[in-house]
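Okay, here's what each chain looks like letter by letter:
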Amino acid sequence: MSANERSTRAFREILQKPGNDACADCGAPDPNWGSCTLGVFICLACSGIHRNIPDISKVKSLTLSRWEDHELEFMAQNGNELMKSKYEAAVPVYYYKPTHKDCQVLREQWIRAKYERREFSEPGKFTYEEGIRDGMLMKRGRDNGQFLSRRFVLSEREGTLKYFTKYDAKEPKAVIKVDSINATFQPEKIGNPNGLQITYLKDYSTRNMFVYHDNGKEIVDWFNSIRAVQLHYLKVAFPGATDAELVPRLTRNFVKEGYMEKTGPRQTEGFKKRWFTLDHRRLMYFKDPLDAFAKGEVFLGNKNYGYSASSGLPAGTHCNGAFEYGITIQTPDRCFLFTCETESDQQDWLKRFNDIMSAQMSPQEYTNLWPCILDIQ
């Protein structure tokens, strides 16, 4: 039996152990790489990140690399579950654990935090819980689109995120309540691998702010610091709630984004192309993906309260746009008509809408029944 055949047979047995059937770092199924120095099984994408920390992790393909007997024994003795108990022993409940669907900077900093900096091997090594974070981030201008250095201050005591146009400015340009913030990484949209979109409510309307930092660790630290302050705020506001109930209310990825066309409230206006963002029950639309303000929002309530989504447009609708696959959203107040470029995009939007409308509403969502805050073509 060749060395490769022997290792393949050994891995077939080792991979049957609980936890070894998914990547130790991002959860991707069927990992086909391993770190022979850490004793974990990982996916191809995470193996590339491990290669960048060669002093910590040496990676090999499970099928193409030559494995020594002592390495096979090491992998058999350790594995994902045991190593998680070591390297993830004290992950803060608010810390965002990225999945295989998340961007590179999140996954890289998670891996470096675990194995290189050993942040989660024991409690008390975090920099996210200092109560205040003060630093410079590159922020996109609302009108000119240029990124300029701005000072940001996150305060747990005040429950706010402030930004200043100059480092020594006495008054902030904006004061944002942390309970209104959603932060999500958007490298492709922003055009920077460390791009972070901060969305918040201002005067009952959604405001987008786009920032980045050249250092990946710095921007991910800001992201998790925001989550730490949010959790502190929620624990004060809802003292009887459990962590499991509160954590889903921290920052979250958007359900779906993309272009659709829409017509106005009279449904006689021409269909115009808009960028749509679905943030749980809020469907927002923008003229451009990097617009600071949403042109309109549609609240998606539960189907038992008069909300529905269906394919096609009402009979007699004059569709004069470029897209032909229609969607009709019915709310207690009015109909919203959209068109998609492809049938597969139409079906994916419909699935997302119907999944949300089928989900039970929380008590807080009952107080936010906004059929549409603003509706401008």
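What you are looking at is a predicted structure, and each value in this text was computed from that prediction instead of being measured. By convention here, each chain's residues receive numbers from 1 onward along its written sequence. Only residues with pLDDT of at least 70 get local features here, since the model is predicted, and only at 80 or more are side-chain atom pairs given and counted; chain-wide, interface and lining totals rely on the full set of residues. The side-chain figures draw on all heavy atoms in the structure; neither hydrogens nor water molecules are used.

Asks: Would you mind showing me how to read the confidence of the model for the protein chain here?
Replies: Residues shown with low pLDDT carry predicted positions that ought not to be read at fine detail. A score from 0 to 100, pLDDT tells how confident the predictor is in each residue. Mean pLDDT for the protein chain: 90, with 94% of residues reaching 70 or above. Note on definitions: a residue-residue contact is assigned when non-hydrogen atoms from the two residues lie within 4.5 Å. Counted against residues more than four places away or in other chains, residues 370-377, with its pLDDT under 50, gives 36 contacts.

Asks: Can you help me understand the nonpolar core in this one?
Replies: Across soluble globular proteins, nonpolar side chains have a tendency to be buried as a group. Core analysis: the largest hydrophobic core is formed by 40 residues, its most contacted members being Tyr 95, Phe 185 and Ile 198. Helix numbers and strand numbers start at the N terminus; a helix is a DSSP run of H or I with at least 4 residues, a strand a run of E with at least 2. The set of elements that each furnish at least two residues to this core consists of α5 (104-116), β5 (147-155), β6 (160-164), β7 (174-177), β8 (182-185), β9 (196-202), β10 (205-212) and α7 (216-237). Per element, the largest residue contribution to this core is nine residues, and it comes from α7. Ignoring sequence-local partners within four residues, the contact set of Tyr 95 consists of Gln 109, Trp 110, Ala 113, Phe 120, Tyr 128, Val 220, Asn 224 and Arg 227. As used here, the term nonpolar core means buried Ala, Val, Leu, Ile, Met, Phe, Trp, Tyr and Cys residues forming a set that is joined through side-chain atoms within 4.5 Å. A 1.4 Å probe rolled over the protein chains alone gives each residue an accessible area, and that area as a share of the maximum for its type sets the label: buried under 20%, exposed over 50%, partly exposed in between.

Asks: Mind showing me how you'd approach the environment of Ile 356 here?
Replies: Mapped onto the elements of the fold, Ile 356 is located in helix α9 (residues 343-358). Taking the C-alpha atoms as reference points, Ile 356 and Arg 282, separated by 74 residues in sequence, lie 10.0 Å from one another. Residue contacts for Ile 356: discarding those within four places in its chain leaves Leu 278, His 280, Arg 281 and Leu 300.

Asks: Can you help me understand unusual backbone geometry in this one?
Replies: Leave glycine aside and you will find that most residues have negative phi; peptide bonds, for their part, are mostly trans. Of note in the backbone geometry, Arg 118 takes a positive phi value of approximately 50° without being a glycine. Looking at where Arg 118 falls in the secondary structure, it is placed in the loop between α5 and β4 (132-140). According to the relative accessible area criterion, Arg 118 is partly exposed, its value standing at 32%. Even without glycine at this site, His 280 takes up a positive phi of about 55°. Within the element layout of this structure, His 280 appears in the loop between β12 (272-279) and β13 (282-286). Looking at His 280, the relative accessible area reads 33%, which means it is partly exposed.

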